[in-house]
Amino acid sequence: MQKQIKSALISVFYKDNLENIVKKLGEQGVTIYSTGGTQKFIEDLGVKCVAVEDLTAYPSILGGRVKTLHPKVFGGILARRDNPQDLEQLKEYQIPEIDLVIVDLYPFEETVKSTTVEQTIIEKIDIGGVSLIRAAGKNYKDVVIVASKNQYADLEKVLTDNNGATTIEDRRSFAAKAFEICAHYDVAISQYFLNNEPGANFQLSVPQGQVNRYGENPHQRGVFYGNLDEIFNKLHGKELSFNNLVDVDAACQLIQEFEATTFAVIKHTNVCGIASRNTLKEAWEAALAGDKESAFGGVLVTNKIIDKTTAESISEIFFEILIAPGFDADALTVLQAKKNRILLEQKQPVKSKYMFKNVLNGVLLQDSDNGNYKEWNEVGARPATPAEKSDLEFANIVCKHLKSNAIALVKDKQLIGKGCGQTSRIDALRHAIEKAGQFSFDLKGAVMASDAFFPFNDCVSIAHENGINAVIQPGGSVRDNDSVEFCKEHDMVMVMTGMRHFRH
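The structure reproduced in this document is the subject of the present report. The structure displayed is predicted, hence computed values, not measured ones.

What counts, and where the lines are drawn
- Residues numbered from 1 in each chain as written.
- Predicted model: local features only at pLDDT ≥ 70, side-chain atom pairs only at ≥ 80, totals over all residues.
- Heavy atoms only, no water.
- Phe/Tyr/Trp six-rings, centres within 6.5 Å; stacked < 30°, edge-to-face > 60°.
- Buried < 20%, exposed > 50% of the residue type's maximum accessible area, 1.4 Å probe, protein only.
- Lys NZ or Arg CZ within 6 Å of the ring centre and 35° of its normal.
- Helix = DSSP H or I, 4+ residues; strand = E, 2+ residues; numbered from the N terminus.
- Contact = heavy atoms within 4.5 Å.
- Axes fitted to C-alpha atoms, helices over the stretch in contact; angles between N-to-C directions.
- Parallel < 35°, antiparallel > 145°, perpendicular 65-115°, else oblique.
- Left-handed = near helix turned anticlockwise from the far one by under 90°.
- Nonpolar A, V, L, I, M, F, W, Y, C, P; charged D, E, K, R; others polar.
- Patch = residues over 30% accessible without salt bridge, like charges linked within 9 Å, V, L, I, M, F, W, Y side chains within 5 Å.
- Areas by Shrake-Rupley, 256 points an atom, 1.4 Å probe, with all protein chains shown as cover.
- Salt bridge = Lys/Arg side-chain N within 4 Å of Asp/Glu carboxyl O.
- Polar contact = N/O pair within 3.5 Å; in protein donor to acceptor, adjacent residues only side chain to side chain.
- Core = buried A, V, L, I, M, F, W, Y, C linked by side-chain atoms within 4.5 Å.
- Arc of directions from axis to C-beta.

## Considering the packing of aromatic side chains
Moving on, step 1. What the rule picks out here adds up to 10 aromatic pairs.
Moving on, step 2. Taking the centre distance of 5.3 Å and the plane angle of 65 degrees together, the rings of Y373 and W376 count as edge-to-face.
Moving on, step 3. Judged by relative accessible area, Y373 falls into the partly exposed class, the value being 36%.
Moving on, step 4. On the accessibility criterion, W376 (21% relative accessible area) is partly exposed.
Moving on, step 5. Following the ring pairs from residue to residue traces out a cluster consisting of F108, Y185, Y192 and F193.
Moving on, step 6. The ring centre of Y14 lies 4.2 Å from the NZ or CZ of K149, which sits over that ring.

In structure tokens, the structure reads:
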């Protein structure tokens, strides 16, 4: 059923793109009620407007905290037009019906970002706006609610196409968006008072949903919620897919652990090649050499600006995405030769205080896996040499970013073998050794990292047989001493970090 808009309440913080709507309402003979700055804005456009204070016979009080909280406002919004008793009471108390409410909310989140002064933040907790939105949304059968400037274009189209008449489908759609806006706003306020710590309920509201072509597989729907423009400038290529986004996150989480010139290749969130070198081209070539097969169609990431020489070398293989803090102009020309390549200029690190996933009928939440080791406890036969220590630190970081069970083999700050996602640690080691052999790497002098403790001494024994003489692991097994004693007997370095890095 269509309903004609005959009256409107407009009170907004943001007036951008509101002009056409106000003029259209004026042309259609709609009675407009307003307050403060919005009233002046409307009158400056030459459109008649009734002050809310004249309707309520009450001024704005408490420094503007109370303006619209009055029965003559809320009665006109909440009255059910098909309820004779409601209509009789409107008549009795001389309350006009209000058919359209255009109200937005004070910029609470923006204020939190811009200041730490609590009183300033508290004053941006909207009371009247939320109340008006909820009232109009509740009575969507009779009232249109527009709760954000992002909906102005939708409203203008309705006003233009239908000459100010709305359908029940229109009103319900506007109401759904309005309650979504209120819910997000309430979560932001709650999180502020909780100091962004977990509360009694799992709360998360991330705006700006972007529909993916599909989810992890073509039969699954996928949506990304977030603002990628805060992190990246997309310089070239197609839209990021669901799987792309997962891999890009893994790539960014990894690369921000390194300060030296480093290049990495990611495939299905696992590191398949990574190296640190003096020049970017050398780092790229060493990372690629770690697993040339897996690099095909991978996500590439570096912590340095891409130059032309490196770009030309990268362009020799097929890849989906390249992430870097910058690109030289001539490097961009080289890389943009293929239209579907996605080139991302990363503007800031990826920071997440918490990690969460849905399981069973609920949500698991945990702190992000920050840090690499709690201690550096050398318990083997001898201290690590400076070169070994450097490689052990490198390997420990890489292993942290592999799926468990995980083993990383590193030599001269280059990943030369890895085993990940295995059901036993010894299988992960065997896979890592096999990978190293596949690409003809000499394991003599390499180091080994494990994401969790060794339950037996079989891993250090196999490592030693293959020329590996330095190992880093968190420790914590009841049989730690078996591995420690083996290392002491075979002149091996063993470092215990006290920090496990399971990744499931």
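## Here's the deal with the environment of I32
Moving on, step 1. Mapped onto the fold, I32 is located in strand 3 (residues 31-34).
Moving on, step 2. Residue I32 is classed as buried on the basis of its relative accessible area of 1%.
Moving on, step 3. It is 69 Å that separates the C-alpha atoms of I32 and A408, two residues lying 376 residues apart in sequence.
Moving on, step 4. Among residues more than four places away in sequence, those in contact with I32 are A8, I10, V22, L25, I42, V47, K48, C49 and V50.

## Some remarks on the packing of helix 16 (residues 425-438) against helix 17 (residues 458-465)
Moving on, step 1. Two elements in contact, helix 16 and helix 17, have axes separated by 9 Å at closest approach and are oriented at 15 degrees. Judged on the interaxial angle alone, helix 17 and helix 16 are roughly parallel. The crossing of helix 16 and helix 17 is right-handed. Touching R425, I426, L429 and I433 of helix 16 are D458, C459, I462 and A463, all from helix 17.
Moving on, step 2. Taken together, the residues of the contact of helix 16 with helix 17 break down into six nonpolar, no polar and two charged.

## Structural notes on a nonpolar patch on the surface
Moving on, step 1. Where nonpolar side chains cluster on the molecular surface, the patch consists of F202, L204, V206, V211, V223, Y225, F356, V363 and L365 and spans about 830 Å² of accessible area.
Moving on, step 2. Secondary structure elements with two or more residues in the nonpolar patch: strand 9 (223-225) and strand 17 (362-367).
Moving on, step 3. On the secondary structure map, V211 appears in strand 8 (residues 209-211).

## Some details on the side chain of R425
Moving on, step 1. Tracing the chain through its elements places R425 in helix 16.
Moving on, step 2. At 3.4 Å, the side chain of R425 and the backbone oxygen of F453 are in polar contact.
Moving on, step 3. Among all residues touching R425, those that are not within four sequence positions of it are N405, A406, I407, S450, D451, A452, F453, F454, C459 and F502.

## Thoughts on the side chain of T38
Moving on, step 1. Residue placement: T38 occurs in helix 2 (residues 36-44).
Moving on, step 2. Classification of T38 as buried rests on a relative accessible area of 2%.

## Brief notes about the nonpolar core
Moving on, step 1. Grouped together as the largest cluster of nonpolar side chains are 42 residues, with contacts concentrated most on I274 and I323.
Moving on, step 2. The element contributing the most residues to this core is helix 11 (residues 242-255), with seven residues.
Moving on, step 3. Every residue in contact with I323, bar those within four places of it in the chain, is listed here: F232, V248, A251, C252, V299, L300, V301, T302, L344 and Q346.

## Brief notes about the pattern of salt bridges
For side chains bearing opposite charge, pairing can occur when the charged atoms are close.
Moving on, step 1. Within this structure, the stated rule accounts for 20 salt bridges.
Moving on, step 2. Between D99 and R81 there is a salt bridge, with the nearest N and O atoms lying 3.2 Å from each other. Taken together, the positions of D99 in the loop between helix 5 (84-92) and strand 5 (100-103) and R81 in the loop between helix 4 (71-78) and helix 5 put the pair 18 residues apart, joining distant regions of the chain.
Moving on, step 3. With a relative accessible area of 9%, D99 lands in the buried category.
Moving on, step 4. A salt bridge links K400 to E257, with the nearest nitrogen and oxygen atoms 2.8 Å apart.

## Examining helix 9 (residues 152-161)
Moving on, step 1. Buried within helix 9 are the following residues: Y152, L155, V158 and L159. With its buried residues spanning 125 degrees around the axis, helix 9 presents them on a single face. Summarising the geometry of helix 9, the exposed residues directed more than 90 degrees from the buried face are A153 and K157.
Moving on, step 2. Against the buried residues of helix 9 lie helix 1 (19-27), strand 5, strand 6 (144-146), strand 7 (165-166) and helix 10 (168-193).
Moving on, step 3. Just beyond helix 9, the residue with positive phi is N163, at close to 55 degrees.

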